[in-house]
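Given next are the chains, with one letter for each unit.
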Amino acid sequence: MSDLQPPLPPIEPSERVTTVPPEPPAAVIPPEPRRSRRGLWIGLIVGGSILLLVIAGLVVAAAVFSSQHTPEAVTSRFVGALIAGDDAAALATLEESPGGPGYFLVDGVYAGATDTISGYRVLDSSRQGGMAAVTVEVQQGDQVYTARVPLVKTGRDLLFFDRWAISPDVLPKARIINPRPAGMGLLINGVDTPAFTGGIQFDLRALPGTYTLEATGGGDLYGAEPVSAPLLLGAADNVNIDVSIVLTEAGIAAAQQAVDAQFDACVAQASVAPGPGCGFRVTGTDGLTLTTLTWSITTRPTVAFEPYDGSAVLSAGWPVVSDGAGSLKFSASGPDGSGDAFVGGVNQQGVIVFRDGVAEFISGFTD
(Lines give C-alpha, C1' and ligand atoms only; values in the text may rest on other atoms or scores of the structure.)
Protein backbone atom coordinates (compact mmCIF):
# COMPACT_ATOMS: atom_id res chain seq x y z
CA MET A 1 0.00 0.00 0.00
CA SER A 2 1.46 3.25 -1.02
CA ASP A 3 1.88 6.21 1.07
CA LEU A 4 -0.63 8.97 0.39
CA GLN A 5 0.72 12.40 -0.06
CA PRO A 6 -0.93 15.07 1.88
CA PRO A 7 -2.93 17.62 -0.31
CA LEU A 8 -1.22 20.77 -1.29
CA PRO A 9 -2.22 23.80 0.66
CA PRO A 10 -4.48 26.30 -1.20
CA ILE A 11 -2.87 29.18 -2.97
CA GLU A 12 -3.43 32.43 -1.39
CA PRO A 13 -4.55 35.32 -3.58
CA SER A 14 -1.38 37.15 -3.05
CA GLU A 15 0.47 34.20 -4.29
CA ARG A 16 -1.39 33.87 -7.67
CA VAL A 17 0.84 33.77 -10.71
CA THR A 18 0.05 36.43 -13.40
CA THR A 19 0.86 35.45 -16.95
CA VAL A 20 1.96 38.41 -19.24
CA PRO A 21 1.43 37.83 -22.92
CA PRO A 22 4.50 38.26 -25.03
CA GLU A 23 4.91 41.54 -27.00
CA PRO A 24 4.06 41.27 -30.67
CA PRO A 25 6.97 41.32 -33.01
CA ALA A 26 7.92 44.73 -34.37
CA ALA A 27 6.48 45.58 -37.80
CA VAL A 28 8.90 45.18 -40.58
CA ILE A 29 8.92 48.26 -42.91
CA PRO A 30 9.80 47.15 -46.37
CA PRO A 31 12.50 49.19 -48.06
CA GLU A 32 11.31 51.97 -50.46
CA PRO A 33 11.28 50.60 -53.97
CA ARG A 34 13.86 52.09 -56.23
CA ARG A 35 12.28 54.63 -58.73
CA SER A 36 12.30 53.40 -62.24
CA ARG A 37 14.50 55.36 -64.64
CA ARG A 38 11.88 54.67 -67.33
CA GLY A 39 9.19 56.55 -65.38
CA LEU A 40 11.55 59.47 -64.81
CA TRP A 41 12.21 59.77 -68.51
CA ILE A 42 8.48 59.60 -69.29
CA GLY A 43 7.84 62.47 -66.88
CA LEU A 44 10.59 64.54 -68.39
CA ILE A 45 9.33 63.87 -71.89
CA VAL A 46 5.70 64.77 -71.00
CA GLY A 47 6.75 67.96 -69.22
CA GLY A 48 9.00 68.97 -72.07
CA SER A 49 6.27 68.29 -74.60
CA ILE A 50 3.84 70.50 -72.70
CA LEU A 51 6.45 73.26 -72.57
CA LEU A 52 7.09 72.93 -76.28
CA LEU A 53 3.34 73.09 -76.96
CA VAL A 54 3.06 76.24 -74.88
CA ILE A 55 5.99 77.82 -76.68
CA ALA A 56 4.61 76.75 -80.06
CA GLY A 57 1.21 78.18 -79.11
CA LEU A 58 2.79 81.46 -78.14
CA VAL A 59 4.74 81.55 -81.39
CA VAL A 60 1.61 80.82 -83.43
CA ALA A 61 -0.40 83.40 -81.47
CA ALA A 62 2.35 85.96 -81.98
CA ALA A 63 2.47 85.17 -85.69
CA VAL A 64 -1.31 85.46 -86.01
CA PHE A 65 -1.38 88.69 -83.99
CA SER A 66 1.48 90.06 -86.06
CA SER A 67 -0.25 89.13 -89.34
CA GLN A 68 -3.35 91.00 -88.20
CA HIS A 69 -1.28 94.14 -87.69
CA THR A 70 0.21 94.43 -91.17
CA PRO A 71 -0.81 97.19 -93.60
CA GLU A 72 -2.18 94.48 -95.89
CA ALA A 73 -4.40 93.09 -93.11
CA VAL A 74 -5.75 96.53 -92.19
CA THR A 75 -6.47 97.25 -95.85
CA SER A 76 -8.28 93.93 -96.17
CA ARG A 77 -10.42 94.75 -93.14
CA PHE A 78 -11.25 98.14 -94.64
CA VAL A 79 -12.21 96.86 -98.08
CA GLY A 80 -13.93 93.82 -96.60
CA ALA A 81 -16.13 96.08 -94.48
CA LEU A 82 -17.04 98.07 -97.60
CA ILE A 83 -18.04 94.87 -99.39
CA ALA A 84 -20.15 93.86 -96.39
CA GLY A 85 -21.84 97.26 -96.35
CA ASP A 86 -20.52 97.95 -92.84
CA ASP A 87 -19.63 101.63 -93.13
CA ALA A 88 -18.99 101.95 -89.38
CA ALA A 89 -16.35 99.19 -89.46
CA ALA A 90 -14.74 100.70 -92.56
CA LEU A 91 -14.53 104.15 -90.96
CA ALA A 92 -13.08 102.61 -87.79
CA THR A 93 -9.94 101.64 -89.72
CA LEU A 94 -9.19 105.27 -90.61
CA GLU A 95 -6.49 107.25 -88.88
CA GLU A 96 -8.91 110.09 -88.16
CA SER A 97 -12.25 111.48 -89.20
CA PRO A 98 -12.25 112.75 -92.79
CA GLY A 99 -13.20 116.22 -91.53
CA GLY A 100 -15.56 118.74 -93.05
CA PRO A 101 -19.27 118.16 -93.49
CA GLY A 102 -19.93 114.44 -93.29
CA TYR A 103 -23.09 114.35 -95.37
CA PHE A 104 -21.96 111.29 -97.31
CA LEU A 105 -21.01 109.50 -94.09
CA VAL A 106 -24.21 109.86 -92.06
CA ASP A 107 -26.27 106.79 -91.24
CA GLY A 108 -28.18 105.39 -94.16
CA VAL A 109 -26.35 107.19 -96.95
CA TYR A 110 -23.84 104.43 -97.77
CA ALA A 111 -26.58 101.83 -97.43
CA GLY A 112 -28.38 103.54 -100.30
CA ALA A 113 -25.31 103.69 -102.57
CA THR A 114 -25.23 101.56 -105.70
CA ASP A 115 -22.27 100.05 -107.57
CA THR A 116 -20.23 99.69 -104.39
CA ILE A 117 -17.05 97.59 -104.21
CA SER A 118 -17.88 93.91 -104.62
CA GLY A 119 -14.42 92.32 -104.82
CA TYR A 120 -10.72 93.02 -104.46
CA ARG A 121 -7.24 91.56 -104.32
CA VAL A 122 -3.99 92.90 -102.88
CA LEU A 123 -1.36 93.45 -105.56
CA ASP A 124 1.62 94.76 -103.60
CA SER A 125 2.66 96.90 -100.66
CA SER A 126 5.54 99.06 -99.48
CA ARG A 127 6.74 100.60 -96.23
CA GLN A 128 8.98 103.50 -95.42
CA GLY A 129 9.35 104.53 -91.80
CA GLY A 130 5.96 105.27 -90.34
CA MET A 131 4.23 105.24 -93.73
CA ALA A 132 2.96 102.40 -95.87
CA ALA A 133 0.97 101.94 -99.06
CA VAL A 134 -1.02 98.97 -100.31
CA THR A 135 -2.08 98.66 -103.94
CA VAL A 136 -5.33 96.83 -104.51
CA GLU A 137 -7.37 95.89 -107.53
CA VAL A 138 -11.06 96.38 -106.92
CA GLN A 139 -14.28 95.51 -108.68
CA GLN A 140 -16.79 98.36 -108.38
CA GLY A 141 -19.94 98.07 -110.42
CA ASP A 142 -18.81 97.27 -113.94
CA GLN A 143 -15.40 98.87 -113.39
CA VAL A 144 -12.15 97.13 -112.46
CA TYR A 145 -9.36 99.48 -111.42
CA THR A 146 -6.33 99.73 -109.14
CA ALA A 147 -6.19 102.00 -106.12
CA ARG A 148 -3.39 103.01 -103.79
CA VAL A 149 -4.31 102.84 -100.09
CA PRO A 150 -2.00 104.96 -97.89
CA LEU A 151 -1.53 103.98 -94.24
CA VAL A 152 0.06 105.60 -91.21
CA LYS A 153 1.67 103.86 -88.21
CA THR A 154 -0.17 105.10 -85.12
CA GLY A 155 1.60 103.18 -82.33
CA ARG A 156 2.25 99.68 -81.00
CA ASP A 157 0.17 96.92 -79.42
CA LEU A 158 1.71 94.72 -76.71
CA LEU A 159 4.97 96.66 -77.14
CA PHE A 160 5.97 94.68 -80.23
CA PHE A 161 3.32 94.91 -82.93
CA ASP A 162 2.94 98.00 -85.12
CA ARG A 163 -0.53 99.47 -85.27
CA TRP A 164 -1.57 100.79 -88.71
CA ALA A 165 -4.48 103.00 -89.74
CA ILE A 166 -5.68 104.05 -93.17
CA SER A 167 -5.29 107.68 -94.19
CA PRO A 168 -8.67 109.33 -94.87
CA ASP A 169 -7.15 110.69 -98.08
CA VAL A 170 -8.01 107.35 -99.69
CA LEU A 171 -11.69 108.31 -99.63
CA PRO A 172 -12.95 109.92 -102.85
CA LYS A 173 -13.94 113.58 -102.66
CA ALA A 174 -17.09 115.00 -104.17
CA ARG A 175 -17.64 118.69 -104.83
CA ILE A 176 -21.36 119.34 -104.52
CA ILE A 177 -22.53 122.49 -106.31
CA ASN A 178 -26.08 123.32 -105.31
CA PRO A 179 -27.06 126.99 -105.36
CA ARG A 180 -30.74 127.07 -104.52
CA PRO A 181 -33.54 129.35 -103.40
CA ALA A 182 -34.53 129.53 -99.75
CA GLY A 183 -36.71 126.67 -98.65
CA MET A 184 -35.04 124.00 -100.75
CA GLY A 185 -33.13 121.04 -99.37
CA LEU A 186 -30.98 118.19 -100.62
CA LEU A 187 -31.31 114.42 -100.37
CA ILE A 188 -28.32 112.11 -100.74
CA ASN A 189 -29.47 108.59 -101.51
CA GLY A 190 -32.81 109.56 -100.05
CA VAL A 191 -31.36 110.83 -96.75
CA ASP A 192 -32.06 114.44 -95.83
CA THR A 193 -29.06 116.71 -95.22
CA PRO A 194 -30.53 119.72 -93.41
CA ALA A 195 -27.11 121.14 -92.53
CA PHE A 196 -26.40 121.61 -96.23
CA THR A 197 -28.47 124.79 -96.21
CA GLY A 198 -25.40 126.71 -95.07
CA GLY A 199 -23.76 127.13 -98.46
CA ILE A 200 -23.84 126.49 -102.18
CA GLN A 201 -20.65 124.42 -102.60
CA PHE A 202 -18.92 121.82 -100.43
CA ASP A 203 -16.02 119.41 -100.80
CA LEU A 204 -17.03 116.18 -99.08
CA ARG A 205 -15.35 112.82 -98.47
CA ALA A 206 -17.36 109.69 -99.22
CA LEU A 207 -17.03 105.93 -99.22
CA PRO A 208 -16.69 104.53 -102.75
CA GLY A 209 -19.96 103.94 -104.56
CA THR A 210 -22.52 105.68 -106.75
CA TYR A 211 -24.57 108.36 -105.03
CA THR A 212 -27.79 110.02 -106.13
CA LEU A 213 -28.49 113.62 -105.13
CA GLU A 214 -31.96 115.10 -105.35
CA ALA A 215 -33.16 118.62 -104.58
CA THR A 216 -36.38 119.02 -102.63
CA GLY A 217 -38.83 121.85 -102.04
CA GLY A 218 -39.01 123.29 -105.55
CA GLY A 219 -42.56 123.28 -106.82
CA ASP A 220 -44.30 123.98 -110.11
CA LEU A 221 -41.98 126.79 -111.18
CA TYR A 222 -38.51 125.35 -110.55
CA GLY A 223 -36.75 122.20 -109.41
CA ALA A 224 -33.93 119.80 -110.28
CA GLU A 225 -33.56 116.39 -111.83
CA PRO A 226 -31.80 113.77 -109.66
CA VAL A 227 -28.06 113.57 -110.35
CA SER A 228 -26.00 110.39 -109.89
CA ALA A 229 -22.21 110.24 -109.69
CA PRO A 230 -19.76 107.33 -109.18
CA LEU A 231 -17.00 107.91 -106.59
CA LEU A 232 -13.95 105.64 -106.85
CA LEU A 233 -11.57 104.53 -104.11
CA GLY A 234 -8.33 106.49 -104.04
CA ALA A 235 -9.41 109.03 -106.65
CA ALA A 236 -7.18 112.10 -106.39
CA ASP A 237 -9.42 114.64 -108.13
CA ASN A 238 -12.70 116.07 -106.99
CA VAL A 239 -15.82 114.75 -108.68
CA ASN A 240 -18.12 117.68 -109.41
CA ILE A 241 -21.77 116.95 -108.73
CA ASP A 242 -23.82 119.86 -110.00
CA VAL A 243 -27.37 119.82 -108.68
CA SER A 244 -28.74 122.71 -110.72
CA ILE A 245 -32.09 124.27 -109.91
CA VAL A 246 -33.73 125.02 -113.25
CA LEU A 247 -37.05 126.44 -114.32
CA THR A 248 -39.79 123.97 -115.13
CA GLU A 249 -41.92 124.38 -118.24
CA ALA A 250 -44.36 126.41 -116.18
CA GLY A 251 -41.49 128.47 -114.78
CA ILE A 252 -40.07 129.12 -118.24
CA ALA A 253 -43.47 130.24 -119.49
CA ALA A 254 -43.86 132.60 -116.54
CA ALA A 255 -40.33 133.95 -116.97
CA GLN A 256 -40.76 134.47 -120.71
CA GLN A 257 -43.95 136.36 -120.09
CA ALA A 258 -42.13 138.66 -117.66
CA VAL A 259 -39.30 139.25 -120.16
CA ASP A 260 -41.71 139.99 -122.99
CA ALA A 261 -43.75 142.35 -120.82
CA GLN A 262 -40.65 144.38 -119.95
CA PHE A 263 -39.58 144.56 -123.60
CA ASP A 264 -43.05 145.54 -124.75
CA ALA A 265 -43.11 148.30 -122.15
CA CYS A 266 -39.82 149.63 -123.53
CA VAL A 267 -41.10 149.52 -127.14
CA ALA A 268 -44.23 151.39 -126.10
CA GLN A 269 -42.25 154.41 -124.91
CA ALA A 270 -42.24 157.47 -127.17
CA SER A 271 -38.58 158.18 -126.68
CA VAL A 272 -35.39 158.01 -128.69
CA ALA A 273 -33.84 156.17 -125.71
CA PRO A 274 -36.46 154.19 -123.81
CA GLY A 275 -35.62 153.17 -120.28
CA PRO A 276 -34.67 152.28 -117.73
CA GLY A 277 -33.26 148.89 -118.58
CA CYS A 278 -34.36 148.76 -122.21
CA GLY A 279 -30.94 148.53 -123.81
CA PHE A 280 -31.69 150.14 -127.16
CA ARG A 281 -31.90 153.70 -128.61
CA VAL A 282 -31.78 155.64 -131.87
CA THR A 283 -28.98 158.09 -132.59
CA GLY A 284 -28.61 161.06 -134.97
CA THR A 285 -31.59 162.99 -133.73
CA ASP A 286 -29.69 165.76 -132.01
CA GLY A 287 -31.04 169.20 -133.05
CA LEU A 288 -34.26 167.78 -134.52
CA THR A 289 -37.70 168.61 -133.20
CA LEU A 290 -39.70 165.37 -133.09
CA THR A 291 -43.34 165.39 -132.14
CA THR A 292 -44.30 161.82 -132.99
CA LEU A 293 -42.09 158.88 -132.02
CA THR A 294 -42.98 155.22 -132.30
CA TRP A 295 -41.15 151.92 -131.99
CA SER A 296 -42.26 148.65 -133.53
CA ILE A 297 -40.78 145.18 -133.30
CA THR A 298 -39.30 143.78 -136.48
CA THR A 299 -37.73 140.73 -134.83
CA ARG A 300 -38.24 139.99 -131.17
CA PRO A 301 -35.00 139.06 -129.35
CA THR A 302 -34.87 135.59 -127.83
CA VAL A 303 -33.45 134.62 -124.46
CA ALA A 304 -32.42 131.54 -122.50
CA PHE A 305 -32.78 130.93 -118.78
CA GLU A 306 -29.79 129.55 -116.92
CA PRO A 307 -29.89 127.55 -113.66
CA TYR A 308 -30.37 129.37 -110.39
CA ASP A 309 -27.41 131.52 -109.35
CA GLY A 310 -27.27 132.56 -105.73
CA SER A 311 -24.44 135.02 -106.34
CA ALA A 312 -25.78 136.89 -109.36
CA VAL A 313 -24.83 140.58 -109.43
CA LEU A 314 -28.35 141.89 -109.93
CA SER A 315 -30.11 139.49 -107.60
CA ALA A 316 -30.15 135.82 -106.70
CA GLY A 317 -32.28 134.14 -109.33
CA TRP A 318 -32.26 132.62 -112.78
CA PRO A 319 -29.95 134.55 -115.15
CA VAL A 320 -31.45 135.61 -118.47
CA VAL A 321 -28.99 135.56 -121.37
CA SER A 322 -29.42 136.48 -125.00
CA ASP A 323 -30.18 133.61 -127.33
CA GLY A 324 -30.73 135.67 -130.43
CA ALA A 325 -30.66 139.40 -131.29
CA GLY A 326 -33.76 141.24 -132.37
CA SER A 327 -34.40 144.36 -134.41
CA LEU A 328 -36.69 147.35 -134.14
CA LYS A 329 -38.14 150.02 -136.44
CA PHE A 330 -38.18 153.60 -135.19
CA SER A 331 -40.53 156.14 -136.83
CA ALA A 332 -40.57 159.85 -136.06
CA SER A 333 -42.03 163.06 -137.47
CA GLY A 334 -41.97 166.77 -136.68
CA PRO A 335 -41.68 170.24 -138.12
CA ASP A 336 -38.49 169.25 -139.82
CA GLY A 337 -40.03 166.24 -141.54
CA SER A 338 -40.47 162.52 -140.87
CA GLY A 339 -38.42 159.37 -141.22
CA ASP A 340 -37.75 155.81 -140.17
CA ALA A 341 -34.73 154.14 -138.67
CA PHE A 342 -33.90 150.53 -138.06
CA VAL A 343 -32.05 149.41 -134.92
CA GLY A 344 -30.50 145.94 -134.96
CA GLY A 345 -28.59 143.88 -132.45
CA VAL A 346 -31.20 144.36 -129.78
CA ASN A 347 -30.72 141.96 -126.87
CA GLN A 348 -32.23 141.27 -123.49
CA GLN A 349 -30.38 140.19 -120.40
CA GLY A 350 -30.92 140.19 -116.67
CA VAL A 351 -32.33 137.85 -114.04
CA ILE A 352 -35.66 136.26 -113.17
CA VAL A 353 -36.91 136.24 -109.58
CA PHE A 354 -40.16 135.00 -108.16
CA ARG A 355 -42.03 137.05 -105.61
CA ASP A 356 -45.08 135.35 -104.15
CA GLY A 357 -45.08 132.95 -107.06
CA VAL A 358 -45.03 135.68 -109.70
CA ALA A 359 -42.09 135.97 -112.11
CA GLU A 360 -40.32 139.31 -112.28
CA PHE A 361 -37.66 140.28 -114.82
CA ILE A 362 -34.83 142.53 -113.63
CA SER A 363 -33.00 143.94 -116.66
CA GLY A 364 -29.26 143.93 -116.80
CA PHE A 365 -29.18 147.25 -118.69
CA THR A 366 -28.76 150.32 -116.57
CA ASP A 367 -29.34 153.08 -119.18
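In this text, all values refer to a predicted model and were calculated from it rather than measured experimentally. (Residues numbered from 1 in each chain as written. Predicted model: local features only at pLDDT ≥ 70, side-chain atom pairs only at ≥ 80, totals over all residues. Heavy atoms only, no water.)

### Remarks on the sheet that holds strand 9 (residues 209–216)
Consideration 1: The strand order across the open sheet formed by four strands is 7-6-9-11, and the pairing between neighbours is antiparallel. Strand pairing shows two members of the sheet lacking a second neighbour, strand 7 (191–192) and strand 11 (227–231), which therefore form its edges.
Consideration 2: Across four bridges, the pairing between strand 6 (residues 185–188) and strand 9 is antiparallel. Following the sheet pairing, I188 is matched in strand 9 by L213. (Pairing = 2+ DSSP bridges. Helix = DSSP H or I, 4+ residues; strand = E, 2+ residues; numbered from the N terminus.)

### What about the side chain of S167?
Consideration 1: Mapped onto the secondary structure, S167 falls in the loop between strand 4 (161–166) and strand 5 (173–177).
Consideration 2: Those residues in contact with S167 that sit more than four places away from it in its chain are L94, E95, P150 and L151. (Contact = heavy atoms within 4.5 Å.)

### Overview of unusual backbone geometry
Consideration 1: A cis amide bond links G275 to the next residue, P276, at an omega of 0°.
Consideration 2: Mapped onto the elements of the fold, P276 is located in the loop between helix 4 (249–267) and strand 14 (292–299).
Consideration 3: One non-glycine residue, N189, lies in the positive phi region at around 50°.
Consideration 4: Counting through the fold element by element, N189 comes out in the loop between strand 6 and strand 7.

### A short note on the confidence of the model for the protein
Consideration 1: Considering every residue of the protein, the mean pLDDT works out to 83; 77% of them sit at 70 or more.
Consideration 2: With pLDDT under 50 throughout, residues 13–19 is counted as low confidence; its partners more than four residues away or in other chains account for one contact.
Consideration 3: A low-confidence stretch, residues 56–68 (pLDDT under 50), is modelled with eight contacts involving residues beyond four sequence positions or located in other chains. (pLDDT = per-residue confidence, 0-100.)

### Details of the side chain of R205
Consideration 1: Relative to the helices and strands, R205 is located in strand 8 (residues 201–205).
Consideration 2: Given the relative accessible area of 16%, R205 is considered buried.
Consideration 3: At a separation of 2.6 Å, a polar atom in the side chain of R205 contacts the main-chain carbonyl oxygen of L171. (Buried < 20%, exposed > 50% of the residue type's maximum accessible area, 1.4 Å probe, protein only. Polar contact = N/O pair within 3.5 Å; in protein donor to acceptor, adjacent residues only side chain to side chain.)

### A word on the nonpolar core
Consideration 1: Judged by nonpolar contacts, the single largest core of 58 residues is most densely connected at F78, F104, Y211, L213, L233 and I352.
Consideration 2: For F104, the contacting residues outside a window of four places in its chain are V109, Y110, A174, I176, I188, L204, R205, A206, Y211, L213, L231 and I241. (Core = buried A, V, L, I, M, F, W, Y, C linked by side-chain atoms within 4.5 Å.)

### Quick notes on the pattern of salt bridges
Consideration 1: Inspection of the entire model under this criterion finds seven salt bridges.
Consideration 2: Across the pair R175 and D203 runs a salt bridge, and its minimum N-O distance is 2.6 Å. Residue R175 is located in strand 5, and its partner D203 is located in strand 8; the two are separated by 28 residues in the primary sequence.
Consideration 3: Owing to a relative accessible area of 26%, R175 belongs among the partly exposed residues under this scheme.
Consideration 4: With a closest N to O distance of 3.9 Å, K329 and D340 form a salt bridge. (Salt bridge = Lys/Arg side-chain N within 4 Å of Asp/Glu carboxyl O.)

### Comments concerning the state of the cysteines
Consideration 1: Within the structure shown, the criterion is met by one disulfide.
Consideration 2: The disulfide bridge from C266 ends at C278, spanning 2.0 Å between sulfur atoms. Taking the sign of the S-S torsion, -85° for the link of C266 and C278, the bridge is left-handed. Remark: C278 occurs in the loop between helix 4 and strand 14 and C266 occurs in helix 4; sequence separation between them is twelve residues. In this pair, the class of C266 matches that of C278, namely buried. (Disulfide = S-S within 2.5 Å.)

### Digging into helix 2 (residues 71–84)
Because an α-helix packs 3.6 residues into every turn, residues spaced three or four apart end up facing the same way.
Consideration 1: An ideal rise of 1.5 Å per residue puts 20 Å on 14 residues; helix 2 measures up with 20 Å between its terminal C-alpha atoms.
Consideration 2: Following helix 2 by one or two positions, G85 has its phi on the positive side, about 75°. (Expected span 1.5 Å × (residues − 1).)

### Quick word on the sheet that holds strand 5
Consideration 1: An order of 8-5-12 is seen for the three strands of this open sheet, with the pairing classed as mixed. If you trace the sheet from one side to the other, it starts and ends with strand 8 and strand 12 (239–242), each paired once. With strand direction ignored, the average angle separating the axes of adjacent strands in the sheet is 25°.
Consideration 2: As judged from the five bridges shared by strand 5 and strand 8, these two strands associate in the antiparallel manner. Its bridge partner lying in strand 8, I176 is registered against F202. (Axes fitted to C-alpha atoms, helices over the stretch in contact; angles between N-to-C directions.)

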